[in-house]
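Descriptive structure summary
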Amino acid sequence: SGKLRPIGRQALRFRSGLLLATTFVALVLSFPAAWAQASTTAERLIRQEQVRKSVEDAFDLAALNSPNGGIKNDNLVRAVDRLVEIGPEAIPYVVVELEQGHPDTFFFSVYSLGRLGTETSEQALREAIGRAEKAPGDWAALQKAWCCWALGLMGEADAIDLALQGRHRSIQTPMHGNFTVLESIAVQTAPESLSRLEKHWDDFDSENDDRYSERVILLKAIGHVPGPAARKLLIRVL
C-alpha cells in the first residue's frame, strides 16, 4: 500500500493537543511566571506537530504509485527534498522507519538520511549496517548495500571498506543505471576512495582468487576516479 508500518505511523501521528492544553492550564494556574514557560512549551509542541505532519506528507509523496518510473523517481526525490528543508528535526521520525526495515519505507529512509547528512543520521545508517550483517539472506544484503551507498553520499569513504567486508559483500548491487554500489561510492568519495580501492585490489590480487566479478567491479570503480593516481594504478594492473 505504500503506507508506513504501524509503529512508525504511531510515532508520526502523535497527537499533542491534549498534552498542550493540560500543560498550558496547569502552568497558568500555578503562578504568573508560568506564562512564559507555557508559551515556550506550546510553541515547542506546535512545532513538533508541524514537523510530524510534514514528515508524514513526505513519506506519502514518496509512496505514490505511478505506472511511470520517471514520475515515481521524481516523487521520491521531491519528497527527500522536503525532508532536507525541514532539517535535523525530521531525523528521529525517519530513523523510526529505518529501524522497521520494511521495504515500503526503507529505501526512502536511507536516501533521506544520506541527504540530511548529520552525525545522527550517520550513526543510524551504521547501526542499520550492523543489523543487516547479523541477518541472513538477500534482503539483508540489499539493506547493507543501500546504507553503504548513503554513507558514500555523505562523503564517508570507509563505506568502501564496509561494502567489501563482512558477511554481505554487497558491491554488485545496481544503483545508477549500470553503476554498482561500489562504483557510486567511489565517485561520491573521490579522491579519498582511491587509496582504499587500491588496498582492496592488492588484498585479492592473486591468480588463485576466484572472485572474478568483484575484481571487475573494483577495476571499474578505480576507473571512475579522475586523476593521474588512478591511471597509474590501472597501468600497474595491466
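These numbers come from a predicted model, not from an experiment. (Residues numbered from 1 in each chain as written. Predicted model: local features only at pLDDT ≥ 70, side-chain atom pairs only at ≥ 80, totals over all residues. Heavy atoms only, no water.)

Time to look at the pattern of salt bridges. In total, this model carries 16 salt bridges according to the counting rule given. Close ionic contact of aspartate 158 with arginine 126 constitutes a salt bridge, the shortest N to O distance being 2.9 Å. With aspartate 158 in the loop between helix 8 (138–153) and helix 9 (159–164) and arginine 126 in helix 7 (residues 119–134), this residue pair connects regions lying 32 residues apart in the sequence. (Salt bridge = Lys/Arg side-chain N within 4 Å of Asp/Glu carboxyl O. Helix = DSSP H or I, 4+ residues; strand = E, 2+ residues; numbered from the N terminus.)

Time to look at the confidence of the model for the protein. Close inspection of predicted coordinates is inappropriate for parts of the model with low pLDDT. In this model, the protein carries a mean pLDDT of 84, and residues with pLDDT of at least 70 account for 81%. Below a pLDDT of 50 lies the segment residues 1–7, which in the model reaches 16 contacts outside its immediate sequence neighbourhood of four places, other chains included. Note that pLDDT drops below 50 for residues 14–19; the model gives that stretch nine contacts with residues more than four away or on any other chain. (pLDDT = per-residue confidence, 0-100. Contact = heavy atoms within 4.5 Å.)

The tally for this structure, following the rule as stated, stands at seven aromatic pairs. Measuring from centroid to centroid gives 4.9 Å for phenylalanine 59 and phenylalanine 108, while their planes differ by 80°, and the two rings are edge-to-face. Of this pair, phenylalanine 59 sits in helix 3 (residues 34–62) while phenylalanine 108 sits in helix 6 (residues 103–116), and the two are 49 residues apart along the sequence. Its relative accessible area of 3% is what places phenylalanine 59 among the buried residues. On the basis of relative accessible area, phenylalanine 108 is assigned to the buried category, the value being 4%. Grouped by ring-pair contacts, the aromatic residues Phe106, Phe107, Tyr111, Trp139, Trp146 and Trp149 constitute a single cluster. (Phe/Tyr/Trp six-rings, centres within 6.5 Å; stacked < 30°, edge-to-face > 60°. Buried < 20%, exposed > 50% of the residue type's maximum accessible area, 1.4 Å probe, protein only.)

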